[in-house]
Amino acid sequence: MSDLVSLPATTRTRGPLPRALLVGLFIVGLQLVIALMTLVWTPYDPSALAGQRLEAPSLIHLAGTDRLGRDLFTLIMIGARIALTVGCGAILIGGLIGVTIGLAAAFAARTLDDVFAAGLDILIAFPTLLIAMLIVASSDGASLWTATLAIGVANSAIVARLTRILGKRVLALDYITAARISGSSWLSIVFRHVLPNIWPTLMVNLALQFGLAVIAEASLSYLGLGTPPPNASWGRLLQEAQATVQTAPLGAIAPGLALVALVIGINLLADGLRDLSDPARRSA
Amino acid sequence: MSNLRGGEILGKGMKAAAMATAMMLVTLAGGQAAAADFDPDATINIGSLYEPQNLDNTAGAGQGLNEAFNGNVYEALFSLADDGTVQPALAKDTKISEDGLTYTFALQPGVTFHSGKALTSKDVKFSIERVTSADSKSSRKNSLKPITSIETPDDSTVVIKLSSRSISLPYNLSYVSIVSETAKDLTSKEDGTGPYKLASWRRGSALALARFDGYWGAKPSNGDVVFHYFTEATALNNALLTGAVDIITSVQSPDSLAQFKDNKDFTVAEGKSTTKLLLAYNDRVAPFDNVKVRKALARAVDDAKLLKAVWGDYGTLIGSFVPPTDPWYVDLTKTDAYDPESAKALLKEAGYPDGFSFTLDTPNYDPHPIAAQFLQSELAKVGVKVKINIITANEWYTKVYKAHDFQATLQEHVNHRDIVFYGNPDFYWGYNNPEVVDLIKQAEASTTTDEQTAKLKKANEIIAEDAASNWLYLYPQIVVSAKSVTGYPLNGLNAQFYVSGIKKAD
């Protein structure tokens, strides 16, 4: 109860919400709304050949049409859904695996920790592309799921390394020793002391990883290792527009802009979150 | 007839830029320049996307070598002319025995190699055996199988004995580059008899040819020729715009043509290609083992609309695998023409009133993904669901071509005279009609080309009637050049690009 009452007061002492956070929230929120909207409505059926080849933008086709005469705006809207789905999925996978491994490493005895550290360094050196190719090769072709898994696995190494370092720092503090002596279990230390302490830094990092995941999804789709047609991914739209980039540059510019906007939005969001969680701000 | 292997049947993407897709060709019809207003010693700069892997066709050089070397640096006993006919080259005279099993070739007199050595029958024997030897990677190896012996009774006579009649022997020999038997390191050097010798090759950048003054035939109308290699079409187009190259051997996107078409400084020429885009079914497996299903799918796809989407106003519709430059071409575009209503009826007759679904293995490079989505949308209208599975060129080769582990696939086939693939039941698409197999075998054993042509025409018609595959369209062959340059080959037969007739205005 007392928390509820005191919360507005603390927020006030932190000053207004960072502008970066607001702009980021707006961009990401807008794309999220569009993405959700495609589940129930799009201007055209995405695979319908609704217009002529490479029509210029008009009120009928807001971003023009592609070579097959499909409505580009519809495809870009669906692209937002794909990007956000893969991004969220990858962060979830990367976060779960990464935090688990990272904490295990932080708790592990010295020799085991060295093994973890070396293993993570090797995993980080693996390009997402290679992981994606391995996963696609061992499954029944590329899909939304293989792309998400590949990006998530690649993410997890980075998250794990960060978690390990942050975790070790917290574990070295005196009150952890005190908690151990007082008989707190391993799990209770993790959930009551370690996670709450490293969470702000971790969250900012995950947000940044989210932006990278969106770019990774576009790259994989560009190479044909992402979501298969007819699901429009921005990466594949870029690839398909490459052949006509001289006469119909909008085909490449529009999905490119959507991608850039989303990633900038996510990064601003991450920036804002960092500012919020920065103790230095409180005194400011 | 050839049973081509590996890379050569496949298009450009198959090895990124290495394999040529669109093949050009040979005609000096590109423009007879007004008399003598050209520079006889000009350097012709040619821009291409297809750099050879090495300089030896028996060592997997790729189609880029055909483009740069065939007819330019190397010559063969015969040459494949622009209209698809086979002309004598180093073989001045040919005698065929009554039973068709012995060919006696009299060599062109006065021919010397670039090294200065005179051409003898031993060089010819050496060159053919290089292609047929066990470790040769030549795609023409199989087609020369009927050869049982090569004799050299004197320096200017070659006698080839066959185990069975092979009316395509001269055609197949047009792929056998004649090299000196003393030549060494042929993957990086050459010793041919052509109008040009190799001046330099900077890997990844350019291959320079210089006029060979000791050439036995007509003197080239230019001084030297440099092939500049690009890995990316936009960079290549910019090179032509800025004058860094004079000619682009094969334009791969209609939309990049706009900048040349309306510009008086450039010539855009459309020739005939042999590159076909196919929806190839695995004819061994249900439901594609059913002729009615294949015919229904052929009728369900509006090929003209697809061609328009990919190539704008360029390209040609085809009704079978045979392009108009093959002697056995028949206009079969009316067979199973676009008619979705009758497609639905046929599917019902075949026992699929509600359609069916299948996986389409789609190579990951243009135009396959866009074509796959078009097919998906077209076939959905007759109730057939397509699941698009994007694969790499290597996967295509191992999964589809080698293991036959697929339901249907998209692929571009580049070769000239490749109807023979339908006479091979072990080919990846597994089409097996004994009548066609027999016709194609008989055609090869024909005594006259008329007989061969008649048999292959018949086979062609049966294949189309069977809807063995779904032939979507024939690629255009587009050459763009600076206005000052004329006399280059226009057509796309087997990637060759004869340069000796190219003229550059002063």
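The model shown is predicted, which means the values in this text are computed figures rather than measured ones.

Asks: Which parts of the structure should I look at to understand the sheet that holds strand β12 (residues 247-248) of chain B?
Replies: Each strand in a sheet pairs with another by means of backbone hydrogen bonds, the pair being arranged parallel or else antiparallel. Residues and elements named next belong to chain B. Taken in spatial order, the 10 strands of this open sheet run β9-β10-β11-β2-β12-β17-β13-β16-β14-β15, and their pairing is mixed. The outermost strands of the open sheet, each flanked by one partner alone, are β9 (196-202) and β15 (385-391). Summarising the sheet, strand β2 (residues 43-48) and β12 pair through two bridges and their orientation is parallel. Paired with G47 across the two strands is I248, which belongs to β12. Here helix α4 (residues 233-241) sits on the sheet in contact with β2, β11 (224-229), β12 and β17 (470-482), set at roughly 155 degrees to β2.

Asks: Help me understand the interface of chain A and chain B, please; the structure alone is not making it clear to me.
Replies: Note: interface size is frequently given as the accessible area lost on complex formation between the parts. In this complex, chain A contributes 18 residues to the contact, which on the side of chain B involves 20 residues. Classifying every residue of the side of chain A that touches chain B by side-chain character gives nine nonpolar, six polar and three charged.

Asks: Whenever I open this one, the pairing of strand β6 (residues 102-107) of chain B confuses me. Can you help?
Replies: The side chains of a regular strand alternate between both faces of the sheet. All names here are of chain B. Residues Y103, F105 and L107 line the buried face of β6, whereas the alternating positions T102, T104 and A106 sit on a face that is not buried. Counting the residues between successive antiparallel strands, the hairpin from strand β5 (residues 91-96) to β6 contains five residues, one of them, G100, with a positive phi of roughly 75 degrees. As paired elements, β6 and strand β8 (residues 157-162) share five bridges and run antiparallel to each other. The residue bridging A106 from the neighbouring strand is T157, located in β8.

Asks: How should the packing of helix α9 (residues 234-241) of chain A against helix α10 (residues 250-277) of chain A be read in this particular structure?
Replies: Relative placement of two packed helices is described by the angle separating their axes and the distance separating the axes. Residue and element names in this part refer to chain A. Where α9 contacts α10, the two axes come as close as 8 Å, and the packing angle between them is 160 degrees. Here α9 is positioned roughly antiparallel relative to α10, judged by the angle of their axes. For the crossing formed where α9 meets α10, the hand is left-handed. For the pair α9 and α10, the contacting residues are W234, L237, L238 and A241 in the first and G251, A252, P255, G256, A258 and L259 in the second. For the contact of α9 with α10, the class distribution of residues is eight nonpolar, two polar and no charged.

Asks: Before we go on, may I ask you to explain the sheet that holds β8(B) in this structure?
Replies: Residue and element names in this part refer to chain B. Taken together, four strands build an open sheet; the order of strands is β5-β6-β8-β7 and the sheet is antiparallel. Unpaired on one side and paired on the other, β5 and β7 (147-154) mark the two borders of the sheet. Looking at each pair of strands side by side, their axes are set apart by 20 degrees on average, direction ignored.

Asks: What is the right way to look at the UniProt feature "transmembrane region" (unreviewed entry) in chain A in this model?
Replies: All names here are of chain A. In the numbering used here, UniProt assigns the "transmembrane region" (unreviewed entry) feature to residues 20-41, 82-108, 115-136, 142-160 and 247-270. The span residues 20-41 is 82% helix and 0% strand, and its two end C-alpha atoms sit 31 Å from each other. The span residues 115-136 is 91% helix and 0% strand, and its two end C-alpha atoms sit 28 Å from each other.

Asks: In this structure, what is going on with unusual backbone geometry? I would like to understand it.
Replies: As a rule of thumb, non-glycine residues mostly have phi less than zero, and peptide bonds are mostly trans rather than cis. All names here are of chain B. The omega torsion across A286 and P287 is 0 degrees, close enough to zero to call that bond cis. Tracing the chain through its elements places P287 in the loop between β13 (266-281) and α6 (291-300). Located in the positive-phi region is R417, a residue other than glycine, with phi close to 50 degrees. Mapped onto the fold, R417 is located in the loop between β16 (408-413) and α11 (434-444). Among the residues examined, R417 registers 24 C-beta atoms within 10 Å and is labelled buried. Even without being glycine, A467 reaches a positive phi, approximately 45 degrees. Given 24 C-beta atoms within 10 Å, A467 falls into the buried group.

Asks: How should the confidence of the model for chain B be read in this particular structure?
Replies: The predicted coordinates of low-pLDDT regions are not to be read in fine detail. Residues and elements named next belong to chain B. Predicted confidence across chain B gives a mean pLDDT of 88, with 92% of residues reaching 70 or more. Here residues 1-35 is modelled with pLDDT under 50, and outside its nearest four sequence neighbours on either side it reaches 131 contacts, counting other chains as well. For this predicted complex, the interface confidence score (ipTM) comes to 0.74, while the overall pTM stands at 0.78.

Asks: What should I look at first to understand helix α12 (residues 449-465) of chain B in this one?
Replies: Turn by turn, an α-helix covers 3.6 residues, leaving residues three or four places apart pointing in a common direction. All names here are of chain B. Counted at 1.5 Å a residue, the expected span for α12 with its 17 residues is 24 Å, and the 24 Å between its end C-alpha atoms agrees. Along α12, the positions that sit buried rather than exposed are Q452, K455, L456, A459, N460, I463 and A464. Note on α12: the residue one or two positions beyond its end, A467, has a positive phi of about 45 degrees.

Asks: Would you mind showing me how to read the environment of N364(B) here?
Replies: Mapped onto the secondary structure, N364(B) falls in the loop between β14 (357-363) and α9 (368-380). The class for N364(B) is buried, based on 20 C-beta atoms found within 10 Å. Each C-alpha atom, one on N364(B) and one on W396(B), is 9.8 Å from the other, the two residues being 32 residues apart in sequence. If we ignore the near neighbours within four places in the chain, the residues touching N364(B) are L223(A), G224(A), P369(B), I390(B), I391(B) and T392(B).

Asks: Sorry if this is basic, but what is going on with the pairing of β16(B) here?
Replies: Residues and elements named next belong to chain B. Counted residue by residue, β16 has six buried out of six residues, so it is predominantly covered. Side chains A408, L410 and E412 project from β16 onto one buried face, and the interleaved T409, Q411 and H413 project onto a second face that is buried too. Sheet topology places β13 next to β16; six bridges connect them, and they run antiparallel. Looking at the pairing, L279 lines up with L410 of β16. Relative to β16, β14 runs parallel, the two being bridged by two bridges. Across the sheet, D361 pairs through a bridge with T409, a residue of β16.

Asks: Looking at this structure, how should I read the confidence of the model for chain A?
Replies: Residues and elements named next belong to chain A. Taken as a whole, chain A shows an average pLDDT of 86; of its residues, 93% reach a score of 70 or greater. Between the elements of chain A, mean pLDDT differs from a low of 43, seen in helix α1 (residues 2-13), to a high of 94, seen in helix α3 (residues 72-107). Confidence drops under a pLDDT of 50 for residues 1-13, and excluding neighbours within four residues, the segment shows one contact in the predicted structure.

Asks: Explanation requested: the packing of helix α7 (residues 303-311) of chain B against α9(B) in the structure shown.
Replies: Residues and elements named next belong to chain B. Packing of α7 against α9 brings their axes to within 11 Å, and their N-to-C directions diverge by 150 degrees. As the angle between them shows, α7 and α9 are arranged roughly antiparallel. Regarding α7 and α9, the two cross each other, and that crossing is right-handed. Along its contact with α7, which presents L306, A309 and V310, the element α9 presents I370, A371 and F374. For the contact of α7 with α9, the class distribution of residues is six nonpolar, no polar and no charged.

Basis of the calculations
Residues numbered from 1 in each chain as written. Chains lettered and ligands numbered in written order. Predicted model: local features only at pLDDT ≥ 70, side-chain atom pairs only at ≥ 80, totals over all residues. Pairing = 2+ DSSP bridges. Helix = DSSP H or I, 4+ residues; strand = E, 2+ residues; numbered from the N terminus. Contact = placed C-beta atoms within 7 Å. Axes fitted to C-alpha atoms, helices over the stretch in contact; angles between N-to-C directions. Nonpolar A, V, L, I, M, F, W, Y, C, P; charged D, E, K, R; others polar. Buried ≥ 20, exposed ≤ 12 C-beta atoms within 10 Å, placed from the backbone. Parallel < 35°, antiparallel > 145°, perpendicular 65-115°, else oblique. Left-handed = near helix turned anticlockwise from the far one by under 90°. UniProt positions renumbered as here; feature names shortened; annotations may be inferred. pLDDT = per-residue confidence, 0-100. Expected span 1.5 Å × (residues − 1).

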